[in-house]
Amino acid sequence: DMALAYCSAGDEKFAVAFNEQIRHWIIDYPMPDKWNKRVSAWRTIDTGIRLMGSWQFAFEFFRKSPSVSDETLALILSSMHEQAIHLMQHYTGNNWIMMEMTGAYTFAVFFPEFASSKKIRKEAAEILSNDLARQVLPDGMQYELTPGYHTLVFNCAFTMLDLAKLEGFSGELPKELVLNLEKMADALLKMATPALTMPLCN
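These numbers come from a predicted model, not from an experiment.

Caption draft 1: Just the confidence of the model for the chain, in detail. Here the chain averages 94 in pLDDT, while 95% of its residues score no lower than 70. Ignoring residues within four places in sequence, the model shows residues 198-202, a span with pLDDT below 50, making one contact including any to other chains.

Caption draft 2: Seen up close, the nonpolar core. Grouped together as the largest cluster of nonpolar side chains are 51 residues, with contacts concentrated most on Phe62, Ile76, Tyr105, Phe107, Leu132, Leu173 and Leu177. Among the elements that line this core, the one with the most residues is helix H5 (residues 94-110), at nine residues. Not counting residues up to four positions away in its chain, the partners in contact with Leu132 are Met98, Val153, Ala157, Leu177, Asn180 and Met184.

Caption draft 3: Structural view of helix H6 (residues 117-135). In this model H6 runs 26 Å from its N-terminal to its C-terminal C-alpha over 19 residues, within 8% of the 27 Å that 1.5 Å per residue would give. Those residues of H6 that sit buried are Ser117, Ile120, Arg121, Ala124, Ala125, Ile127, Leu128, Ser129, Asp131, Leu132 and Gln135. Lining the buried residues of H6 we find helix H4 (70-89), H5, helix H7 (147-167) and helix H8 (175-192).

Caption draft 4: Focus on unusual backbone geometry. The residue Asn94 is not glycine, and still its phi comes out positive at about 55 degrees. As for its placement among the helices and strands, Asn94 is situated in helix H5. The phi torsion at Leu145 lies on the positive side, around 60 degrees, for a residue other than glycine. Counting through the fold element by element, Leu145 comes out in the loop between H6 and H7.

Caption draft 5: Seen up close, the packing of H5 against H7. Viewed as axis vectors pointing N to C, H5 and H7 meet at an angle of 15 degrees, and their least axial separation amounts to 9 Å. Taken together, the axis directions place H5 and H7 in an arrangement best described as roughly parallel. Handedness of the H5/H7 crossing: left-handed. Contacts from Asn95, Met98, Met99, Met101, Thr102, Tyr105, Thr106, Val109 and Phe110 of H5 reach H7 at Tyr149, Leu152, Val153, Cys156, Ala157, Thr159, Met160, Leu163, Ala164 and Glu167. Looking at the contact of H5 with H7 residue by residue, the class counts come to 14 nonpolar, four polar and one charged.

Caption draft 6: A look at the packing of aromatic side chains. In total, this model carries nine aromatic pairs according to the counting rule given. Considering the side-chain rings of Phe107 and Phe111, the 5.6 Å spacing of their centres and the 35 degrees angle between planes classify their relative orientation as tilted. With a centroid separation of 5.9 Å and an interplanar angle of 15 degrees, the aromatic rings of Phe154 and Phe158 are classed as stacked. Taken together, the residues span about one helical turn, with Phe154 and Phe158 both in helix H7 at a distance of four residues. A network of ring pairs unites the aromatic residues Phe59, Phe107, Phe111 and Phe114 as a single cluster.

Caption draft 7: Representation of the layout of surface pockets. Taken as a whole, the largest pocket holds about 280 Å³ of empty space. Lining the largest pocket are 15 residues, and of these Met2, Phe18, Ile22, Trp55 and Ala58 sit closest to its centre. Of all elements in the fold, only helix H1 (2-9), helix H2 (12-28) and helix H3 (44-62) reach the threshold of two or more residues within the lining of the largest pocket. It is H3 that contributes the most residues to the lining of the largest pocket, six residues altogether. Across the lining of the largest pocket, the residue classes break down as eleven nonpolar, two polar and two charged.

Caption draft 8: Region of interest: the environment of Phe114. Within the secondary structure, Phe114 sits in the loop between H5 and H6. Phe114 sits in the partly exposed class, given a relative accessible area of 24%. The sequence separation of Phe114 and Leu77 amounts to 37 residues, and the corresponding C-alpha distance is 9.7 Å.

Caption draft 9: Region of the structure containing the packing of H3 against H5. Across the interface, H3 lies against H5 with an axial gap of 7 Å and an inter-helix angle of 35 degrees. Considering only the axes of H3 and H5, their crossing is left-handed. Contact residues: Thr44, Ile45, Gly48, Ile49, Leu51, Met52, Gly53 and Gln56 in H3; Trp96, Met99, Glu100, Thr102, Gly103, Thr106, Phe107 and Phe110 in H5. Residue classes in the contact of H3 with H5 are distributed as eight nonpolar, seven polar and one charged.

The rules behind each value
- Residues numbered from 1 in each chain as written.
- Predicted model: local features only at pLDDT ≥ 70, side-chain atom pairs only at ≥ 80, totals over all residues.
- Heavy atoms only, no water.
- pLDDT = per-residue confidence, 0-100.
- Contact = heavy atoms within 4.5 Å.
- Core = buried A, V, L, I, M, F, W, Y, C linked by side-chain atoms within 4.5 Å.
- Buried < 20%, exposed > 50% of the residue type's maximum accessible area, 1.4 Å probe, protein only.
- Helix = DSSP H or I, 4+ residues; strand = E, 2+ residues; numbered from the N terminus.
- Expected span 1.5 Å × (residues − 1).
- Axes fitted to C-alpha atoms, helices over the stretch in contact; angles between N-to-C directions.
- Parallel < 35°, antiparallel > 145°, perpendicular 65-115°, else oblique.
- Left-handed = near helix turned anticlockwise from the far one by under 90°.
- Nonpolar A, V, L, I, M, F, W, Y, C, P; charged D, E, K, R; others polar.
- Phe/Tyr/Trp six-rings, centres within 6.5 Å; stacked < 30°, edge-to-face > 60°.
- 1 Å grid on protein atoms, 1.4 Å probe; cavity = no way out; pocket = protein on both sides within 12 Å on 5 of 7 lines; lining within 4 Å.
- Points joined across faces, edges and corners; volume = space filled by probe spheres on them.

Take a look at the structure:
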């Protein structure tokens, strides 16, 4: 939100506030021993959501601001890398794993300069694809059987596919990822119109 406000208004007060708040979070809230407690800022679902774009977005918009120091930018990059490694080491399952792996993958796509980025992309894509195959039922529905979770899981996996295409990493993705996404998209279409959710009687 501060990045959007800074982009819109060009007021350095937003950059000053961002610089202060992001440094405070990174320095004062290191990863705890019990990261998945409800009150933890390092829960893997929250870490995945952070890395699915908001931190990269803020980094890009604030990196040229004179109010955001080079030290702060280095801290952000280091923290994002630490968060991505955290996700790869402690991923969970169900719909959480989709956000965890998409977050790690998004970081690795936006920052391919890191030596570990290629490995993170490859492993995150494999983990997500394998779990997606487990979660998608024969009719294309995600196994939690709600439109909300189905769409969440679909959007995470599609984000990975979209980023890979945009940045030239499509060849790294497992083929099964696209096949399962097609099944999920078909299920969404069938849910869209009540008449298509079940065979019509003769």
